[in-house]
Amino acid sequence: MKTDITTTLVDEHRLILRMIALLERHALRTKERSYSDWQFYLDGVDFIRNYADRFHHAKEEDVLFAALVENSMPRENSPVAAMLMEHEQGRAYVRGMETAVNEAMAGLPGQEGDIAENAMAYATLLRDHIAKEDDILYPLAERVIPESMRPEIAREYQRAEMQSGTEFSTHYRGLVEAYEKE
């Protein structure tokens, strides 16, 4: 029986998708000027930067993708390169959303469109990105990464989780759940 190396990442995707659903719902209302809870967007940026990017993407980029490259997947012109490029695109949308929210909070009118546009672009990108990882890249990793590497990958994931602290995931799950109840 092979040591599983992707279920944890798929589970993390479920929480990320829940935040994406919230972004989509609120972005539509923001665009129509019927939602202006700027704190939601700041919390969304915090979630994306800390949970999705520093916590989840770090496991992918530093551990799983590195293991794929070590097992003959090219770093350039490959699924790994495409995923890394999409991570960067997502970061750009998050920066755009944060800038527009900060400008709205500072009283600059007309930021709703930029907020909504960046939130929706991020959501669209990430939904597609997660589908590619869950349906293509992760099954590929499960097939090509040898058992000899899997325990170390699992340890690296645990190390990342321990560095974040026991309350890290609980905090971000609670954040999503609180906004879902609104």
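Report follows, based on the coordinates. (Residues numbered from 1 in each chain as written. Predicted model: local features only at pLDDT ≥ 70, side-chain atom pairs only at ≥ 80, totals over all residues. Heavy atoms only, no water.)

Within an α-helix, residues lying three or four positions from one another point in the same direction, as the helix has 3.6 residues per turn. With 15 residues, helix α5 (residues 150-164) ought to run about 21 Å at 1.5 Å a step, and its terminal C-alpha atoms sit 22 Å apart, in line with that. Burial in α5 covers these residues: Arg 150, Ile 153 and Tyr 157. Projection of α5 onto a plane perpendicular to its axis shows the buried side chains occupying an angular sector of 65°, all on one side. Along α5, exposed side chains directed more than 90 degrees from the buried face belong to Met 162 and Gln 163. Elements in contact with the buried residues of α5: α1 (7-31), α2 (38-70) and α4 (112-144). Phi turns positive, to about 95°, at Gly 165, one or two residues after α5. (Helix = DSSP H or I, 4+ residues; strand = E, 2+ residues; numbered from the N terminus. Expected span 1.5 Å × (residues − 1). Buried < 20%, exposed > 50% of the residue type's maximum accessible area, 1.4 Å probe, protein only. Arc of directions from axis to C-beta. Contact = heavy atoms within 4.5 Å.)

According to the stated counting rule, one finds 17 salt bridges in the structure shown. Residues Glu 177 and Arg 18 are paired through a salt bridge, measuring 4.0 Å at the closest nitrogen-oxygen approach. Here Arg 18 lies in helix α1 and Glu 177 lies in helix α6 (residues 166-180), a separation of 159 residues in the sequence. As a salt-bridge pair, Arg 18 and Glu 180 come within 2.7 Å of each other at their nearest N and O atoms. Taken as a pair, Arg 18 in helix α1 and Glu 180 in helix α6 lie far apart in primary sequence, 162 residues in all. Judged by relative accessible area, Arg 18 falls into the partly exposed class, the value being 27%. Given the relative accessible area of 32%, Glu 180 is considered partly exposed. Residues joined in a network through salt bridges with shared partners are Asp 53, Glu 61, Glu 88 and Arg 91. (Salt bridge = Lys/Arg side-chain N within 4 Å of Asp/Glu carboxyl O.)

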